[in-house]
Amino acid sequence: MSSSQSTILSQPPAWARKFLYWYCKPELAEEIDGDLMETFKENLKIRGVRSARFNYALDVIRFLRPFTLTRDLDTLTPNHFAMIKNYIVVAYRSLMRKIGFSLINIFGLSVGITCCLLIMMYVQYETSYDGFHTNGDNVYRIALDRIYPDREVSYAVTPHSFPPQMVEDFPEVKNETMFVSTRSNFSVTFRYGNKFFDEGNVLFADSSFFKLITAKMVAGDPKEALRGPNKLVLTESTARKYFGDEDPIGKSLETNPLGNQQQNTWLVTGVVKDFPENSHLTFDLIISNNTFQFLQNENWMGFSVFAYIELEDGTPPEVVEAKFPEMIKKYAAGQIQQATGQSFEEYTAAGHGYHYYLQSIKDIHLTSNLEAEIKPNSSWSYIYILLSIAAFILLIACINFMNLSTARSSERAKEVGLRKVLGSVKKLLIYQFLTESILLSMFSTILSLGLVYSLLPFFNILTGVELTLATYITPINVAIVVATAFLIGILAGFYPAFILSGFTPVAVLKGRIQNSKGGKYLRDGLVTFQFAISIVLISSTLIIYDQMNFISNKSLGFDSEQMLILDNTNQLNERGEVFREELLRNENITSAAFVGSIPGDVHPGFVAQLPGANETQVILSTVLDENALETLNIPIAKGRGFSRQFNDSLSMIINETALKTMGFEDPIGKRVGSQNPNDPEEIIFFTIVGVVNDYHFQSLHTDIGPLVFLHSSSAAGPQAPGVLNKIAMKVNGNMSETLLAIESQWNEFMPNSPFNYYFLDGRLQEFYNAEKASSRIFTVFTTLAIIIACVGLFGLAAYTASLKTKEIGIRKVLGASVIGIVVLLSKEFTKLILIALVIAVPTAYYGMDLWLQDFAYRININPTSFVLAGVIAILIGWITVSFQSLKAAVVNPVNSLRSE
Amino acid sequence: MKGTYLGEFEEIVLLTVGVLDGSAYGVSVRKEIEQRMNRKVTLSAVHSALHRLEKKGFVESELGEATNERGGKRKRLFAVTNFGRNAVKEARELREQLWKEMPSLAFSPI
C-alpha cells in the first residue's frame, strides 16, 4: 500500500460527505460534520479503515432526520410571500369586522361591474358588425350625398351603371357587386307545392355577390349559384321552411311575375348558413338579378341599387373617391341633359350636385344613417353614451368605496399607528390597504359574473339583440376582466390607502386623531359629484320620456288609429274593386281605399318639370285611388280630391309644402310635366286639381317634404314594382271578428297568397324603436346608478350618525326634538344635493339639447324636468339619510351618554 | 406548551450535558452516556435530542473553536440553562413524591 493511497483511505468516503452537505441545513452541517469526523478518526485507530468509513457513511444516513431536513418558513422563503399572506388575512379580518360596510361596498361594486360588463358586451357586439367578411378591409359601399339647390339628402342606394364602369376604368377597383333589397318596400310571395310564404327580406343580387359578401355556403357553388337568370339561393332556415328535410338543390320556387320578368320559377342553386345578425345587410332569399330589364338599361342618375366595390389590397378609398367627380361628368352629364334640358355645367351651377363617396363595409353599422338603409343602423354617439353611463356607474361605486373607507379611517388609525411603531413603512401599509380593496373588487367581480349570467336574458330583451355568454369567454376577455377588477381595486383603494397610511403614529397612539378637514371636503365633493351624475341621468330620462310621449301623441295630420293595412293587393289585379266593395259590406269596415304607399313607407320619386322653369325637381309621390283621402282623413285645403266623376288619369294633387316649393300663387289648373317612364322621349303633363294639408308621411325625424299624389289610373304612376299594393281600411267594433271575416274573404279571392296585414299606428311606432330601446336602457341604468349612489349615501349617513351619537344624546337631554335632530343630520346632505343640482342642470341641458337635434319635431326642454329631477334626488337622499338619522335620534340619550 | 415535556432520553442527555459542565458537544455527550449507562447510542440520536432541548429552551449553545481532529470544523458546545435546571429538578421532585407515596410493602426486599 503506497502512502498516497493510505492518505485517501484515511479520509471518510467523499460521497457520504457530499450527501450530508446536500441534505443538511447549512447551519447544522458544520457541527455534525465535525462530530462525525472526530468519531471517524477514533474509529480509524480502533477498528481500522474499512469499519470507520462504513460507520461514517452509516452515520450520515442516520442523520437523515426531520431536524436536519426541515427548513423554517421564516428563514428560507421570500419575505413577500409571508407579507402577502398576512395582508390577505388582515384584509379578510377587517372586512368581516364591519360586515355591513363591506356588504354595501360589495353590493355597489358588483352592481357597477355588472352594468359595465353588460354594456361592454353590448358594445363589443355592436362593433363586431360586418367583421366576418373575408375581404372586409377592402370592401366599400358606394353612397351618395345628393345636393339640391335648397337641401341635401344622403342615400345608401346609387345608380347601377357606375360599379361595372369603375372596374373597367379604375385599376384600383377589383370587383363590384350590386343588389336590390325588398326590405321595407314590398314583399314577394314564394310558392312550393301548396306551401306559400310572403317574403319581405329578399335580395336581387348578381353573380359576384359572394365574392364581396362572405356567407357560408352549405350547398352549391358560390361562384356559380347566382349566375344566369332565375337562380335562387336560400338560407338554411328558409330552405327548411319550404322543403323540410328534402334536399332543396335542383328544386324550384314559384312567384308571381316580378317586374317585367317573363319567367317566374326560380331554381334553387345554393343554400347558405343563416346570415349573421351582426351585419348591416340581411336576407332570407337571394335571387339572381341579371335578367331584370331595368338593370340592363343605362342609369347614371336614379338611385336604384346597393352597390359595393372591392379595392386592391392597401388602396386608400380616398384615391378612388378622388376620381369620382371626373367620372360623373363623363358618364352622367348626358342623362342629366336629357332629363333636365340643362347642360351638366348649368345644372351644377344651379346648385345641383352628386357627391359620391365610399363607406367601409365595417363602418356602415355605426357611421351610416342614410336614406333607404337596409336595416336601421346604430351610431358611435349611442355607443359613447352607453360607455359613459358604464363609466359613471363604476365611478359612483368606486366613490362609495373611497368615501366609506376614508370616513372610517379613524377606526383603523390605531392599527396603522401600531404597525408603524413596530416598523412598518408607509409603502407596506399602502400595499396592505390596496390588498384589501383589490380583494373586495375581485370578490365583487366574481359576484357580478354570476349576475351577468342570470341577467343576460333580460338585457337581451332590453336591447333587442341576442347576446350569448359563451361567445365572450375568450382568453383575452378573461384577462381583461381580471385586469379590470385589479384596476378597480387600485382605483378605489388608492386614496384611502394613501390617507390611512399617512397617520403619524405618535399622534394616533396619544389619541389625537381627527378626520382631516381636507378629507371631509373631498368626501363632500365626491358625494356631490355622485349626485350630480344621478341628477343628470334622472333629468335626461325625464326629457327622453317627454319627447317619446310627444311623438306618440303628436297629431300626424291623418288618421292612423284602427287603420288596418292589407298587403299584396296588387295581386288582385282587376278584381280589386270587387274585393273592396265586398269588404265594405262588413258593417265594421267604414271605408277602404287602395294606395301605393302608406305613410311610413318609402315613397317613390317623381321628376317634375315646372312650367316656365327649365330645371326639374324630384318630389316624393304616391299613387292612390279616389277613396284614399277620405279613408285616411287627410283634409283638402284647396280644389278637389280624385273622383270617379272625372277622368283623373292626368290629374295630380300636391301637399302644401310642394305648393310652396313650386311657388304657384293659384295652383289649381297649373300643369306640371314629367317624363313618361315607359318612353323617356315623351313628356306627360299633369294638371293640379287639389292641394291637401301637410301631414307626416315620414317619421318625425324628418321635416315634411313636398309630396304629390297621382291617381291609380295615372299613366306615369307605375314605377315601383306592385303599384296599388295596399288596401287601407278603417275598422271599428269587434276587431278579431272583423279580422277573421277579412281573412276568409281574402282566402276566397286569393287562395294562393298569404294574408298579410298590420295596423298603421303600430307600424309607425316602429320608427321610434331605436329611441324607445335607448330610453328603456337609459331608465334601467339610471335607476341602478341612483341605487348605488344611495347605498353609498346610506353608509355614509350611518357613519356620520354613529360619530354624532354623543352630540345627539346631549342635544336630546337639553330638549331637542326627534324631528329637529333628523333635520340637523339631513341638512348637510341637502346642501350637497343642491350644489349637485347646480352642476347637473346645465350639463343635462346641453346633452339633451344635442339628443333632441335628431328630431325634426321636438319638445322644448321643460324646466320642470330639472325641478322634478332635483326633487327626486333630494327626496331619495332624504329618505336614505333620515332612516339613519331617525335611528340615531330615537335612541334613549341615557344609552349613548352613560358609558364613557 | 408541548415543548416543555421532558422525555426519558432527553432527560439523560440533559443531565449528561450538566455533568460535562461546559465541554458538552455531540461526541462527548455520546461517549459519556455510553460509558455511564452501558448502552449503545448513535450520534444522530444525541444531536436530535440536543436540538430538541435547545428548541425547548433547556440548553443553550455556542460554537467552539475548530480542532485538527475535527477536520477544521467547529464544535457546538452546550450548557444547561436555568430553565433546564429547574425542569430536571421538577422532574426529580415529582418522582420522589411518587416514590414516597408508593406503599412501602410493594417494594420491600424479599
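Worth saying up front: this structure is predicted, and the values here are computed from it rather than measured.

Asker: What exactly am I supposed to notice about the overall build of chain A here?
Answerer: Within chain A, the secondary structure is distributed over 32 helices and 24 strands. A separation of at least 24 residues holds for 80% of the contacts in chain A among residues at least 6 apart in sequence. Accessible surface, chain A as shown: approximately 42400 Å² in total, 59% of it carbon and sulfur.

Asker: Sorry, what's going on with the overall build of chain B here?
Answerer: Within chain B, the secondary structure is distributed over four helices and two strands. Of all 110 residues assigned to chain B, the portion counted as buried reaches 43%. Of the roughly 7100 Å² that chain B leaves accessible, carbon and sulfur atoms contribute 53%.

Asker: Help me understand the pairing of strand β12 (residues 306-311) of chain A in this model?
Answerer: Note on strand geometry: in a regular strand, side chains alternate between the two faces of the sheet. Residues and elements named next belong to chain A. Of all six residues in β12, six are buried, a share of seventy percent or more. On β12, burial covers both faces: Phe306, Tyr308 and Glu310 on one face and Ala307, Ile309 and Leu311 on the other are all buried. In the sheet, strand β1 (residues 139-147) pairs with β12 via three bridges, with the strands oriented antiparallel. Note on β12: the bridge partner recorded for tyrosine 140 is isoleucine 309. As defined by bridge partners, strand β3 (residues 173-181) adjoins β12 across six bridges and the pair is classed as antiparallel. In the sheet register, threonine 177 faces β12, and the bridge partner there is tyrosine 308.

Asker: Even after reading the chapter, I still don't get the interface of chain B and chain A, so can you show me in this structure?
Answerer: How large an interface is tends to be reported as the accessible area lost when its parts come together. Taken residue by residue, the interface counts 20 residues in chain B and 21 residues in chain A. Interface area, chain B with chain A, both sides summed: about 2000 Å², of which 50% is carbon and sulfur. When the area that chain B buries against chain A is broken down by residue, the three leading residues are Ser44, His47 and Lys73 of chain B, summing to 26%. Scanning the region where chain B abuts chain A turns up five salt bridges.

Asker: Looking at this structure, how should I read the packing of aromatic side chains?
Answerer: Each aromatic ring pair is described using two quantities: the centre-to-centre distance and the angle formed by the ring planes. Residues and elements named next belong to chain A. As enumerated under the stated definition, the model contains 33 aromatic pairs over all chains in all. Judged by centre distance (5.1 Å) and plane angle (90 degrees), the ring pair of phenylalanine 197 and tyrosine 242 falls under edge-to-face. Taken together, the residues span a long stretch of sequence, with phenylalanine 197 in strand β5 (residues 195-199) and tyrosine 242 in helix α11 (residues 236-243) at a distance of 45 residues. By relative accessible area, phenylalanine 197 is classed as partly exposed at 27%. A ring pair is formed by phenylalanine 794 and phenylalanine 883, whose centres lie 5.7 Å apart and whose planes are at 25 degrees; its orientation type is stacked. Taken as a pair, phenylalanine 794 in helix α28 (residues 769-803) and phenylalanine 883 in helix α31 (residues 863-889) lie far apart in primary sequence, 89 residues in all. Judged by relative accessible area, phenylalanine 794 falls into the partly exposed class, the value being 28%. Above the face of the tyrosine 354 ring, arginine 146 is positioned so that its terminal group lies 4.3 Å from the ring centre. One residue, lysine 426, lies across the ring of phenylalanine 498, its end atom 4.6 Å from the ring centre.

Asker: When you look at the packing of helix α19 (residues 426-463) of chain A against helix α20 (residues 475-500) of chain A in this model, what are you seeing that I'm missing?
Answerer: Between two packed helices, both the angle of their axes relative to each other and the distance between the axes serve to describe the pair. Residues and elements named next belong to chain A. Relative to each other, α19 and α20 sit at 140 degrees, their axes nearing to 7 Å. In this view, α19 runs oblique relative to α20, as classed from their interaxial angle. With respect to the hand of their crossing, α19 and α20 are arranged in right-handed fashion. Here Lys426, Ile430, Phe433, Leu434, Ser437, Ile438, Ser441, Met442 and Thr445 of α19 come into contact with α20, specifically with Val481, Val482, Ala485, Phe486, Ile488, Gly489, Ile490, Gly493, Phe494, Ala497, Phe498 and Leu500. Looking at side-chain class alone, the contact of α19 with α20 contains 15 nonpolar, five polar and one charged residues.

Asker: Any chance you could explain the side chain of asparagine 278 of chain A here in plain terms?
Answerer: Residue and element names in this part refer to chain A. Mapped onto the secondary structure, asparagine 278 falls in the loop between β10 (265-272) and β11 (285-288). On the basis of relative accessibility, which here comes to 16%, the residue asparagine 278 falls in the buried class. Polar contacts involving the side chain of asparagine 278 include one to the side chain of serine 128, which spans 2.9 Å. Sequence-distant contacts of asparagine 278, that is, excluding residues within four places in its chain, are made with Tyr125, Ser128, Tyr129, Asp130 and Phe132.

Asker: Just to check I follow, could you spell out the pairing of strand β19 (residues 651-655) of chain A for this structure?
Answerer: Residue and element names in this part refer to chain A. Of all five residues in β19, five are buried, a share of seventy percent or more. Burial of β19 is two-sided: the residues Ser651, Ile653 and Asn655 facing one way and the residues Met652 and Ile654 facing the other way are all buried. Taken together, the three bridges between β19 and strand β22 (residues 707-711) define a ladder with antiparallel strand orientation. Following the sheet pairing, isoleucine 653 is matched in β22 by phenylalanine 709.

Asker: What is the right way to look at a nonpolar patch on the surface in this model?
Answerer: Judged by side-chain polarity, Ile84, Ile88, Tyr92, Met96, Ile99, Leu103 and Leu439 of chain A come together as a nonpolar surface patch covering roughly 640 Å² of accessible area. Those elements giving two or more residues to the nonpolar patch turn out to be α7 (79-97) and α8 (99-127) of chain A.

Asker: Would you take a moment to explain the layout of surface pockets for this structure?
Answerer: Residue and element names in this part refer to chain A. Within this model, the second largest pocket holds a volume of roughly 730 Å³. Lining the second largest pocket are 27 residues, and of these Leu117, Leu449, Asn477, Ile480 and Val481 sit closest to its centre. Put simply, the parts of the chain that give the lining of the second largest pocket at least two residues each are α8, α17 (380-407), α19 and α20. With eight residues, α20 is the largest single contributor of residues to the lining of the second largest pocket. The residue inventory of the lining of the second largest pocket, partitioned by class, reads 23 nonpolar, four polar and no charged.

What counts, and where the lines are drawn
Residues numbered from 1 in each chain as written. Chains lettered and ligands numbered in written order. Predicted model: local features only at pLDDT ≥ 70, side-chain atom pairs only at ≥ 80, totals over all residues. Heavy atoms only, no water. Helix = DSSP H or I, 4+ residues; strand = E, 2+ residues; numbered from the N terminus. Contact = heavy atoms within 4.5 Å. Areas by Shrake-Rupley, 256 points an atom, 1.4 Å probe, with all protein chains shown as cover. Buried < 20%, exposed > 50% of the residue type's maximum accessible area, 1.4 Å probe, protein only. Pairing = 2+ DSSP bridges. Buried area = accessible area lost by both parts, 1.4 Å probe. Salt bridge = Lys/Arg side-chain N within 4 Å of Asp/Glu carboxyl O. Phe/Tyr/Trp six-rings, centres within 6.5 Å; stacked < 30°, edge-to-face > 60°. Lys NZ or Arg CZ within 6 Å of the ring centre and 35° of its normal. Axes fitted to C-alpha atoms, helices over the stretch in contact; angles between N-to-C directions. Parallel < 35°, antiparallel > 145°, perpendicular 65-115°, else oblique. Left-handed = near helix turned anticlockwise from the far one by under 90°. Nonpolar A, V, L, I, M, F, W, Y, C, P; charged D, E, K, R; others polar. Polar contact = N/O pair within 3.5 Å; in protein donor to acceptor, adjacent residues only side chain to side chain. Patch = residues over 30% accessible without salt bridge, like charges linked within 9 Å, V, L, I, M, F, W, Y side chains within 5 Å. 1 Å grid on protein atoms, 1.4 Å probe; cavity = no way out; pocket = protein on both sides within 12 Å on 5 of 7 lines; lining within 4 Å. Points joined across faces, edges and corners; volume = space filled by probe spheres on them.

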